Amino acid sequence: MIFSTVLFYLLALVLVVAAFRVITATSPVTGVLHLILTFFTASMIWMLLGAEFLALLLVVVYVGAVMVLFLFVVMMLDVRMETLRSGLKTYLPLGIVIGLVMVLEMAFVLARTWFAAGPQAPVADNYDNTRALGVAMYTDYVFAVQVGGVILLVGMISAIALTLRRRTDVKRNRPSDQIKVRARDRVRMVSIPSQTEAPDAHQAPGDKK
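In this text the structure is predicted, and so the values were computed from the model without any measurement.

**Q** Help me out: how do you make sense of the overall build of the protein in this one?
**A** A count of helical and extended segments in the protein gives nine helices and zero strands. When the elements of the protein are put in sequence order from the N terminus, they spell out α-α-α-α-α-α-α-α-α. The buried share of the protein, reckoned over its 209 residues, is 10%. Contacts spanning at least 24 positions in sequence make up 61% of the contacts within the protein whose residues lie at least 6 apart. Accessible surface, the protein as shown: approximately 18,200 Å² in total, 68% of it carbon and sulfur.

**Q** What's the story with the nonpolar core in this structure? I'm lost.
**A** Soluble globular proteins: nonpolar side chains tend toward being buried together. Residues Val32, Ile36, Val63, Met67 and Leu71 constitute the largest nonpolar core, which totals five residues. Counting only elements with at least two residues in this core, the list comes to helix 2 (28–48) and helix 3 (52–77). With three residues, helix 3 is the single largest residue contributor to this core. Not counting chain neighbours up to four residues away, the residues in contact with Ile36 comprise Val63 and Met67.

**Q** Just to check I follow, could you spell out the packing of aromatic side chains for this structure?
**A** The geometry of an aromatic ring pair is captured by the separation of the ring centres together with the interplanar angle, meaning the angle of the planes. In total, this model carries one aromatic pair according to the counting rule given. Measuring from ring centre to ring centre gives 5.6 Å for Phe8 and Tyr9, while their planes differ by 75 degrees; the resulting arrangement is edge-to-face. According to the relative accessible area criterion, Phe8 is partly exposed, its value standing at 33%.

**Q** Help me understand the confidence of the model for the protein, please; the structure alone is not making it clear to me.
**A** Close inspection of predicted coordinates is inappropriate for parts of the model with low pLDDT. Looking at the protein as a whole, its pLDDT mean stands at 78, while 81% of the residues score no less than 70. Mean pLDDT across the elements of the protein bottoms out in helix 4 (residues 81–85) (63) and peaks in helix 7 (residues 142–163) (87).

**Q** Please explain the side chain of Thr38 as it appears in this structure.
**A** With respect to the helices, strands and loops of the structure, Thr38 is situated in helix 2. On the basis of relative accessibility, which here comes to 11%, the residue Thr38 falls in the buried class. At a separation of 3.5 Å, a polar atom in the side chain of Thr38 contacts the main-chain amide nitrogen of Ala19. Contact partners of Thr38, with chain neighbours within four places excluded, come to Leu15, Ala18, Ala19 and Val22.

**Q** Hey, could you run me through the side chain of Ser43 in this one?
**A** With respect to the helices, strands and loops of the structure, Ser43 is situated in helix 2. Excluding anything up to four places from it in sequence, Ser43 contacts Ala55, Leu58 and Val59.

**Q** Explain the UniProt feature "transmembrane region" (unreviewed entry) in the protein to me, please; I cannot follow it from the model alone.
**A** The UniProt record marks residues 6–24, 31–49, 55–79, 91–115 and 141–164 with the feature "transmembrane region" (unreviewed entry), using the residue numbering of this structure. Secondary structure over residues 141–164 splits into 92% helix and 0% strand, and the C-alpha atoms at its two ends are 35 Å apart.

**Q** Teacher, can you tell me more about the packing of helix 1 (residues 2–24) against helix 2 here?
**A** Relative placement of two packed helices is described by the angle separating their axes and the distance separating the axes. Running from N to C, helix 1 and helix 2 cross one another at 160 degrees; their axes reach a closest spacing of 8 Å. The orientation of helix 1 with respect to helix 2, classified from their angle, is roughly antiparallel. Viewed along their axes, helix 1 and helix 2 form a crossing whose handedness is left-handed. Residues Ser4, Leu7, Phe8, Leu11, Ala12, Val14, Leu15, Ala18, Ala19, Arg21 and Val22 of helix 1 form the contact with helix 2, whose own contacting residues are Thr30, Gly31, His34, Leu35, Leu37, Thr38, Thr41, Ala42, Met44, Ile45 and Leu48. Residues belonging to the contact of helix 1 with helix 2 are distributed by class as follows: 15 nonpolar, six polar and one charged.

**Q** Even after reading the chapter, I still don't get a nonpolar patch on the surface, so can you show me in this structure?
**A** The grouping of Trp46, Leu49, Phe53, Leu54, Leu57, Val60, Val61 and Tyr62 at the surface amounts to a nonpolar patch, some 690 Å² of accessible area in total. Looking at the nonpolar patch, the element that brings in the most residues is helix 3, giving six residues. Inspection of the secondary structure puts Val60 in helix 3.

**Q** Where do I start with the environment of Phe20 in this structure?
**A** Structurally, Phe20 can be placed in helix 1. Taking the relative accessible area as the measure of exposure, Phe20 reaches 53% and is therefore exposed. The sequence separation of Phe20 and Thr38 amounts to 18 residues, and the corresponding C-alpha distance is 9.6 Å.

Here is what the cut-offs are and how they apply
- Residues numbered from 1 in each chain as written.
- Predicted model: local features only at pLDDT ≥ 70, side-chain atom pairs only at ≥ 80, totals over all residues.
- Heavy atoms only, no water.
- Helix = DSSP H or I, 4+ residues; strand = E, 2+ residues; numbered from the N terminus.
- Buried < 20%, exposed > 50% of the residue type's maximum accessible area, 1.4 Å probe, protein only.
- Contact = heavy atoms within 4.5 Å.
- Areas by Shrake-Rupley, 256 points an atom, 1.4 Å probe, with all protein chains shown as cover.
- Core = buried A, V, L, I, M, F, W, Y, C linked by side-chain atoms within 4.5 Å.
- Phe/Tyr/Trp six-rings, centres within 6.5 Å; stacked < 30°, edge-to-face > 60°.
- pLDDT = per-residue confidence, 0-100.
- Polar contact = N/O pair within 3.5 Å; in protein donor to acceptor, adjacent residues only side chain to side chain.
- UniProt positions renumbered as here; feature names shortened; annotations may be inferred.
- Axes fitted to C-alpha atoms, helices over the stretch in contact; angles between N-to-C directions.
- Parallel < 35°, antiparallel > 145°, perpendicular 65-115°, else oblique.
- Left-handed = near helix turned anticlockwise from the far one by under 90°.
- Nonpolar A, V, L, I, M, F, W, Y, C, P; charged D, E, K, R; others polar.
- Patch = residues over 30% accessible without salt bridge, like charges linked within 9 Å, V, L, I, M, F, W, Y side chains within 5 Å.
- Salt bridge = Lys/Arg side-chain N within 4 Å of Asp/Glu carboxyl O.

And the structure:
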C-alpha cells in the first residue's frame, strides 16, 4: 500500500510538471513531446487504479498514434515562433480567464468526488472491466462514442488539409514532367570558334615564353 501511494504521488508530480511544460515550452516540438509524456504518465496512473484497458488504450491510441501525428504535423507545418508570439499579449487575458475557469471547475468536481465518495463497491473475482466498459459504451453511451469518432475524423481531415496547403517558398519536382523531358530540351550544342592568346604588346616579336 505504501509503495503504491509513493508511486502514485511520484507519477502525479511528473504528470503536473509535464503538463506545465506543455503550455510553457518555447518550441512546439518540445510541447508535443511533453504532451506525450503527460499521456504516458496518466496511463500509468490508470494502471495503478486498476483500469488496465483504459491505460493501454491511452498509450496505443493517443501516445502511439494521435500524438505522433501531431508531432509530424507540427514539423511539416514549419511553425515559426515569431508569428505565434505576435498575438500573445492580445489573447493573454482571455486565456488566463479561461484557464482559471477550467481550474475551478476541475477543483469543484474533484472536491465533490473526494468528500462525497462512499465505500468502495464490492467487485467479484471474475469481474472484467474491459467487458463492462464495452457494454456501457455501446449501449448507454453509443451516441457519445459516435460523436467522438466524428470529431476524430474531422481532426484527421483538418490535419491533412493543413499539410496540403499551397506554398510559394517550396520547390517541388514533378516526376511526370521529368519523364516526358527530351534531351534536346535540356542540352544545347553550340559551336564556338577556337581562340588563340593575343601577343603581349611589350613582348618583342622574337621572344617566346
